[in-house]
Amino acid sequence: MISALNYSLSLAIFASTIEEIIEPTLTTPYVKYDRSSNYLMIKGTSTRDNIELFYGKVLKEFKQKIKQMNTGVLHLNFKTFNTSTAKVLFDLFRSLLDAQNAGHLVAIQWDVYNSEEDMIDTARDFAELFDLKIKIK
């Protein structure tokens, strides 16, 4: 029989090694974070007010893991996003630029629904602004 204390400790250890998945809503995207490979995917609509609270924990962990593991993969696929999300992306890309300048390996892929020109331009603007190589598909 597993005691409640041991069970709680086992779950805490197990939870820190598996994927974190956040299911989408009408205003928040699907988020998948694989801690073992430091792979973060954000896909869908990101239009909720105060979206930085939604992304806070997972982005903080993703950025910390880049420093620990020396690598990270960011995969974006937005249908649409608001200015609050743009600010989150601005801060994230600034951190990724700092990580690259420190010698960490960071790969960024930005998929675009239906080759939407505005989203392609947005991805290119972020790439140019931060001098980051972003693979746009």
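Reading the values: rules and limits
Residues numbered from 1 in each chain as written. Predicted model: local features only at pLDDT ≥ 70, side-chain atom pairs only at ≥ 80, totals over all residues. Heavy atoms only, no water. Pairing = 2+ DSSP bridges. Helix = DSSP H or I, 4+ residues; strand = E, 2+ residues; numbered from the N terminus. Right-handed = clockwise from strand over helix to strand, strands pointing away. Core = buried A, V, L, I, M, F, W, Y, C linked by side-chain atoms within 4.5 Å. Buried < 20%, exposed > 50% of the residue type's maximum accessible area, 1.4 Å probe, protein only. Contact = heavy atoms within 4.5 Å.

K.L.:
Could you give an account of the pairing of strand S4 (residues 71-81), with specific residues and numbers?
P.N.:
Taken together, the eight bridges between strand S3 (residues 39-46) and S4 define a ladder with parallel strand orientation. Looking at the pairing, Lys-43 lines up with Asn-77 of S4. For the crossover from S3 across helix H2 (residues 51-69) to S4, the handedness is right-handed. Examined bridge by bridge, S4 and strand S5 (residues 105-110) share six bridges and lie parallel to one another. Among the inter-strand pairings, Leu-74 is bridged to a residue of S5, identified as Ile-108. Following the chain from S4 across helix H3 (residues 83-101) to the adjacent parallel S5, one finds a crossover that is right-handed.

K.L.:
How would you summarise the nonpolar core if you had to cite specific residues and measurements?
P.N.:
Core analysis: the biggest nonpolar cluster contains 33 residues, and Leu-40, Tyr-55, Leu-74, Phe-78, Phe-93, Leu-96 and Trp-110 have the highest contact counts within it. At the level of secondary structure, the elements contributing two or more residues to this core comprise strand S2 (30-34), S3, H2, S4, H3, S5 and helix H4 (117-130). Considering every element that reaches this core, the biggest residue donor is H2, with seven residues. Residues in contact with Phe-93, not counting those within four places in the same chain, are Leu-74, Leu-76, Ile-108, Trp-110, Phe-126, Phe-130, Leu-132 and Ile-134.

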